[in-house]
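# Structural characterization, general
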Amino acid sequence: MAKHILCTGGAGYIGSHTVVKLTESGFKVSIMDNFMNSSEKVLPRLKELTGKETPFFKTDMCDAEAVDKLFAEQKFDGVIHFAGLKAVGESVAKPLWYYENNITGTLNILKAMEKHGCKRLVFSSSATVYRPCEEPIDESKPLGCTNPYGWTKFMIEQILTGFATANPSFSISILRYFNPVGAHPSGRIGENPHGPPNNLMPFVQQVAVGRRECLSVFGNDYDTHDGTGVRDYIHVDDLAEGHICALEKLFTMDGGCIIHNLGSGTGYSVLDMVKAFEEASGKKIAYKVVERRAGDLGTVIADASKAKADFGWCTKRGLKEMCETAWNWQSNNPYGYEDGPGKD
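The following paragraphs examine the structure supplied in this document. No experiment lies behind these values; they were computed from the predicted model shown. (Residues numbered from 1 in each chain as written. Predicted model: local features only at pLDDT ≥ 70, side-chain atom pairs only at ≥ 80, totals over all residues. Heavy atoms only, no water.)

## Focus: the sheet that holds strand E1 (residues 4-8)
Threshold: Being paired, for any two strands, means DSSP has found at least two bridges between them. Per the convention used, a helix needs a DSSP run of H or I reaching at least four residues, while a strand needs a run of E reaching at least two, with both numbered from the N terminus. Axes, fitted as lines to C-alpha atoms, cover a helix only where it is in contact. Angles between the N-to-C directions of the axes lie from 0 to 180 degrees. Note on contacts: a residue pair qualifies if any of its non-hydrogen atoms lie within 4.5 Å across the two residues.
Strand order in the open sheet formed by 7 strands is E3-E2-E1-E4-E5-E6-E10, and the pairing between neighbours is parallel. Strand pairing shows two members of the sheet lacking a second neighbour, strand E3 (56-58) and strand E10 (256-262), which therefore form its edges. Adjacent strand axes in the sheet meet at a mean angle of 20°, parallel and antiparallel pairs treated alike. Across the sheet, helix H1 (residues 13-24) touches E1, strand E2 (28-33), strand E4 (78-81) and strand E6 (171-177), and the angle it forms with E2 is around 165°.

Below, the structure is given as structure tokens:
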């Protein structure tokens, strides 16, 4: 009997790619989403890619009654919890909204899991939980955040570790992502930011299709090979496969909480990414160098060796594939899932 997995936020960027991989791996998958940061237009595309209708539940995780009803009516064997607000700048401007949404929603899911006997959870955390560090970051590095978004991830990690201690039959995996990029090779699903992108690659992609005039490069005087900031980028399909490795690991465990980084361990600078995207797209990416952003580090890369040791996961896709699949998605869907210019 196939294990039934609920993906909260499963219509989003990482969620949708993971739904495809889960289905391909033989899991029964359902999606719970409220479309706050995603589009319902992803659903027919998932059917196109998987050949299956993925059951979808339009439920807000902050609605405790609706979440409980869903878990009462459906028998889930596990949950991958992607749902949450995720823009750093917005979290600084609206901290209470971020704390309320991300933490209350997670508590509602945990209560429903506990009540209805669903005992395996993979949580979508982030490298933002680490204190600033320019050495390769392993899971033992000190934690501490610089914005409310990061603190919500940190606090949820604390809640999950405490919950796992109090409920020894529950198995929980916390995955700390670095910088997901790229898209499904079909070009049918990909990253679809609402409003101006918060991350480098979607911005580069929008410059390439003519939606934005030029890219702002925040500082070129860092201690890196070309002076621009170096980050650890990971193809979204590698990230999706990491969730499946973690989930399969949970099904071999009798309880406990495990924590892993998901990153490539390789750093690329802003200008490396621009050059690679120019090569993939055949387009010139206009950019201007502007002041550094407060708090930005020169280099942030992962040490993801623990994920390889514990459940055999490592990245398979390199920079070329990241940029080629991102361009395939953006060039075929210049406005993401929308037909034309939306509100920015």
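## Section: the side chain of Arg231
So the rule is basically this: In this scheme, a residue with accessible area under 20% of its type's maximum is buried, one over 50% is exposed, and one in between is partly exposed, where area comes from a 1.4 Å probe on protein chains only. Charged residues are defined narrowly, with Lys and Arg counted positive, Asp and Glu counted negative, and His plus the chain ends left uncounted. Only one rule defines a salt bridge in this text: a Lys or Arg side-chain nitrogen within 4 Å of an Asp or Glu carboxyl oxygen. Two N or O atoms form a polar contact when they lie within 3.5 Å of each other; inside protein one atom must be a possible hydrogen donor and the other a possible acceptor, and for residues adjacent in sequence the pair counts only when both atoms belong to side chains.
With respect to the element layout, Arg231 can be found in strand E9 (residues 230-235). Here Arg231 occupies a buried position and makes no salt bridge, while the nearest side chain of opposite charge, Asp296, is found at 4.5 Å. Of the polar contacts made by the side chain of Arg231, one reaches the backbone oxygen of Leu297; its length is 2.9 Å. Among the polar contacts made by the side chain of Arg231, one reaches the main-chain carbonyl oxygen of Gly298 at a distance of 3.4 Å. With sequence-adjacent residues up to four places away left out, Arg231 is seen in contact with Asn179, Thr266, Gly267, Tyr268, Asp296, Leu297, Gly298, Thr299, Val300 and Ile301.

## Quick notes on the side chain of Asp237
Relative to the helices and strands, Asp237 is located in helix H8 (residues 236-250). An unpaired buried charge is present at Asp237: no salt bridge exists, and Arg317, the closest side chain of opposite charge, is 4.4 Å distant.

## Notes on the pattern of salt bridges
Applying the stated criterion across every chain, the model contains 19 salt bridges. With a shortest N-O distance of 3.7 Å, Glu135 and Lys141 are connected by a salt bridge. Taking the shortest distance from any N to any O, the salt bridge between Glu278 and Lys284 comes out at 3.6 Å. Relative accessible area serves as the criterion here: at 69%, Lys284 is assigned to the exposed category. Salt bridges linked by common partners bring Lys21, Asp238, Glu241, Lys316, Arg317 and Glu321 together as one network.

## Focus: the nonpolar core
Note the threshold: What we call a nonpolar core is a set of buried Ala, Val, Leu, Ile, Met, Phe, Trp, Tyr and Cys residues that are connected through their side-chain atoms within 4.5 Å.
Formed by 38 residues in total, the largest nonpolar core has its most connected members in Leu22, Ile80 and Trp313. Looking at this core, the elements with two or more residues in it are E1, H1, E2, helix H2 (42-50), E6, H8, E10 and helix H10 (305-311). Among the elements that line this core, the one with the most residues is H8, at 7 residues. The residues contacting Leu22, other than those within four sequence positions of it, are Ile5, Cys7, Phe27, Val29, Ile80, Ile244 and Leu247.

## Description of the packing of helix H7 (residues 200-208) against helix H11 (residues 319-332)
To keep things clear, this is the line we draw: Note that the term roughly parallel is reserved for angles under 35 degrees, roughly antiparallel for angles over 145, roughly perpendicular for angles of 65 to 115, and oblique for everything else. Crossing handedness is defined as follows: a turn of the near helix away from the far one that is anticlockwise and smaller than a right angle gives a left-handed crossing, while the clockwise case is right-handed.
Running from N to C, H7 and H11 point in directions that differ by 55°, and their axes come no closer than 10 Å. One way to sum up the angle between H7 and H11 is to call them oblique. Between H7 and H11 lies a crossing whose hand is right-handed. Along the contact surface, H7 presents Met201, Gln205, Gln206 and Ala208, while H11 presents Cys323, Ala326, Trp327, Trp329 and Gln330.

## Side note on the packing of aromatic side chains
Selection criterion: Pairing of aromatic rings covers Phe, Tyr and Trp, the last through its six-membered ring, and needs centres within 6.5 Å; plane angles under 30 degrees mean stacked, over 60 mean edge-to-face, and all others mean tilted.
Here the structure, examined in full by the defined rule, presents 7 aromatic pairs. With 5.9 Å between their ring centres and 90° between their planes, Trp97 and Tyr98 make a pair best called edge-to-face. A relative accessible area of 31% means that Trp97 is categorised as partly exposed. A ring pair is formed by Trp329 and Tyr337, whose centres lie 5.0 Å apart and whose planes are at 55°; its orientation type is tilted. Owing to a relative accessible area of 1%, Trp329 belongs among the buried residues under this scheme.

## A closer look at unusual backbone geometry
In this structure, Phe35 takes a positive phi of about 65° despite not being glycine. Residue position: Phe35 is located in the loop between E2 and H2.

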